[in-house]
Structures are given as structure tokens and as C-alpha cells.
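So the chains spell out like this:
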Amino acid sequence: MTPREVCTTERRSNRSSGWIAGFRALCVLAFLILLWTGPAGAKEPTFKVLAFYSTDVEPDHVHTAREALVFFREVAAKNNFTFDETTDWSKLNDNDLKNYRLILWLNNFPQTADQRAAFEGYMEHGGGWLGLHVAGYNDASTKWPWFVDFLGGAVFYTNNWPPLPAKLIVDDRTHPVTKQLPATYDAPANEWYLWKPSPRLSKNVRVLVTLDPSNYPIGVKDVITGGDLPVVWTNTKYRMIYMNMGHGEKIFSDATQNTLFTNAILWLGNRK
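The rules behind these values
Residues numbered from 1 in each chain as written. Predicted model: local features only at pLDDT ≥ 70, side-chain atom pairs only at ≥ 80, totals over all residues. Heavy atoms only, no water. Helix = DSSP H or I, 4+ residues; strand = E, 2+ residues; numbered from the N terminus. Buried < 20%, exposed > 50% of the residue type's maximum accessible area, 1.4 Å probe, protein only. Contact = heavy atoms within 4.5 Å. Areas by Shrake-Rupley, 256 points an atom, 1.4 Å probe, with all protein chains shown as cover. Phe/Tyr/Trp six-rings, centres within 6.5 Å; stacked < 30°, edge-to-face > 60°. Salt bridge = Lys/Arg side-chain N within 4 Å of Asp/Glu carboxyl O. Pairing = 2+ DSSP bridges. Polar contact = N/O pair within 3.5 Å; in protein donor to acceptor, adjacent residues only side chain to side chain.

Secondary structure summary: the protein contains 6 helices and 11 strands in total. Each of the 272 residues in the protein was classed as buried or not, and the buried ones make up 47%. Within the protein, contacts between residues at least 6 apart in sequence are counted, and of these 75% link residues at least 24 apart. Here the protein displays about 13,800 Å² of accessible surface, and carbon together with sulfur accounts for 56% of that area.

Structure, rendered in C-alpha cells:
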């Protein structure tokens, strides 16, 4: 091999070594980025939710709760929060609740003094709550005055039967839960609860959605003929939303109403 051929070979070898070194450096950089961001760029969940429900209650309420679980799982996946679920109401205790920023009651409410006390403490110390339909039920037999005050003084009075669709008025379109909603919308069939006194009478309550009086009389077997009937509200003393929707096969079939559900869980979960 001539001196010129030797020099040409060395230059080629140097270029090859330089390319390999550069490639190795890029691999190391990519590996470090992967370690920094986690697998597939995964992010830490923004908050954690625990949904309570029961399977030994009214069959229609079980059906609706199962639909709610499917819906909220999808919302959680799209919005990067953790959604856990349980039928074990004994988890309504100080130790379990401390891990969650928000809890849901989908088709029932606590039955024991210990569960009630744990919920009171959780809410008084900044916990979040989203209750659907029968989650807000209370009357003379429940004997839970704290919860009545929590709902803004609202006590169950009567309901329509069977579940029927209804036109709803969005009272407050400035609130984060309702800001994307139209002034009115036609809600899927539901069993609507009338409260006496109305929660609207409480200075701490902000009513977000109300049954339009044009629906009256509503019902066939059980008929509501009139009255102020709020269906979504918040007690501003707490981080909470109550929604009367929750009885019927089509609760999660309406895009407008689904926006309401989504806004509620995101507002409560992200609110400090």
C-alpha cells in the first residue's frame, strides 16, 4: 500500500469513528430524556378520585352507577387523574379518605355513625364531594342534621314517577361547571326530586341548574305539579356539587349533560 493509500484509509477510519461516537452520544441523550420524562412521556396524575357505590340497592340505581363508572373512567383517562372505585363503604374512614382529593357517591350514602363522622371531617378539612341523585337523599328518618345543612337545608319532599325527560334552565353560566352549557337544554329521563325547603333559600348555596317550570305537571303515577326544583347546586362553604341526575337508563346519553358531569369532576378535583 502506498503512503497516499494509507492516508486515505486513515481518514475514512477517522470519519467512521467520529460518526459512531456521535451516534452513541445521541443514544445516551435519548436515554436520559426517556428517564426524565418517564415511559411514553407519562405524567403524574393531577389528582385522585374514589367513587363509592352499592350493588344491593334499587336495580335502576345499580344500573346507573355502572354507567357512571364507565363514563368517569373515560374522563379520567382523557384528563390524567386517578379514578378508583369501591363498594366497600367502610373505606369511608379517615385513613382511606386522606389519599383522595375528591370522592363520589354514585347511588347510596353512608349508613353508620363512623362513616358519617369520617365524611364530615373530610369535608370540613377541604375534601371534595360529588353526589348523584339518591346520594343527597335525606328525610326525618335519616337523622343527620349536619348533612341537611351541608345540602343547604334541602330536605327530600317528593319526586315524579316514572323517570321522564325534562327541560332544564342553566341558572349560572359563569360558574366553571356550567360555563360551556346553553341557557337551557333537554335532559334525559330522570326521577326528579323536589326539596322543601328549597336549597336556594340558603345564603351559602349557589344554584347552577333548575327544572324549568314549563315541565309541570311532570309524572304519571307520582306527579309534581309545581315548586322551585333546583337540580344542580353547590354549598359555597364546601368543595362540593350535588346533581339530582342519576335514575334512568339514559343519564349519560346526552352530550350537554355529559359536559356538565365532566366539568364538575374536573372543577372539584383541580380546585385547591
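Having seen the model, we can carry on.
Counted according to the given criterion, the structure contains 32 aromatic pairs. When the centroid spacing of 5.1 Å and the interplanar angle of 35° are considered together, the rings of F52 and W89 count as tilted. Here the residue F52 occupies a position in strand β1 (residues 48-52), and W89 occupies one in the loop between β2 (82-86) and α3 (94-97), the gap between them amounting to 37 residues. Their ring planes at 50° and their centres at 4.9 Å tell us that W233 and Y242 sit as a pair that is tilted. For the pair formed by W233 and Y242, the shared burial category is buried. Ring pairs connect the aromatic residues F52, W89, W105, F119, W129, W144, W146, F147, F150 and Y238, which therefore count as one cluster.

A few words now on the pattern of salt bridges. On inspection of all chains with the given rule, the structure shows 6 salt bridges. The residue K167 makes a salt bridge to D212 at a minimum N-O spacing of 3.8 Å. Of this pair, K167 sits in strand β6 (residues 164-170) while D212 sits in the loop between β9 (205-211) and β10 (230-235); the two residues are 45 residues apart in sequence, bridging distant segments of the chain. Ionic pairing is found between D172 and R206, a salt bridge with its closest N-O pair at 2.6 Å. Here R206 lies in strand β9 and D172 lies in the loop between β6 and β7 (184-190), a separation of 34 residues in the sequence. For D172, a relative accessible area of 13% gives the class buried. Judged by relative accessible area, which is 33%, R206 ranks as partly exposed. Look at the salt bridges and you will find they share partners, linking D171, R200 and D228 into a network.

Moving on, we come to the pairing of β6. Sheet topology places β6 next to β7; 5 bridges connect them, and they run antiparallel. Within β7, the residue paired with I169 across the bridge is T184. Looking at chain direction, β6 and β9 are connected through 3 bridges and run antiparallel. Bridge pairing in β9 links I169 to T210.

Inspection of the secondary structure puts A65 in helix α2 (residues 59-79). Put simply, A65 and A51 are 14 residues apart on the chain and 9.7 Å apart in space, counted from C-alpha to C-alpha. If sequence neighbours within four positions are ignored, A65 has contacts with Y53, L106 and N107.

Right, let's get into the environment of L130. Relative to the assigned elements, L130 resides in strand β4 (residues 128-132). Spatially, the C-alpha atoms of L130 and M243 are 7.7 Å apart, while their sequence positions differ by 113 residues. Not counting residues within four places of it along the chain, the set of residues in contact with L130 comprises F72, L102, I103, L104, W105, I241, M243, A264, I265 and L268.

Bringing unusual backbone geometry into the picture now. In this chain, W161 is followed by P162 through a cis amide linkage whose omega measures 0°. Mapped onto the elements, P162 comes out in the loop between β5 (156-159) and β6. Phi is positive for K143, close to 50°, though the residue is something other than glycine. Topologically, K143 is positioned in the loop between β4 and α5 (145-150).

Here N263 is to be found in helix α6 (residues 255-270). There is a polar contact of 3.1 Å between the side chain of N263 and the side chain of Q180. Beyond its immediate sequence surroundings of up to four residues, N263 is in contact with P176, V177, Q180 and L181.

This brings us to the pairing of strand β11 (residues 239-243). When you tally the buried positions in β11, you get 5 out of 5 residues, the bulk of the element. Residues R239, I241 and M243 point to one face of β11 and M240 and Y242 to the other, with burial holding for every one of them. For β4 and β11, the ladder comprises 5 bridges, and the chain directions are parallel. Bridge pairing in β11 links G128 to R239. The hairpin turn running from β10 into β11, its antiparallel successor, is 3 residues long.

Keep in mind that these numbers describe shape and distance, not what the molecule does.
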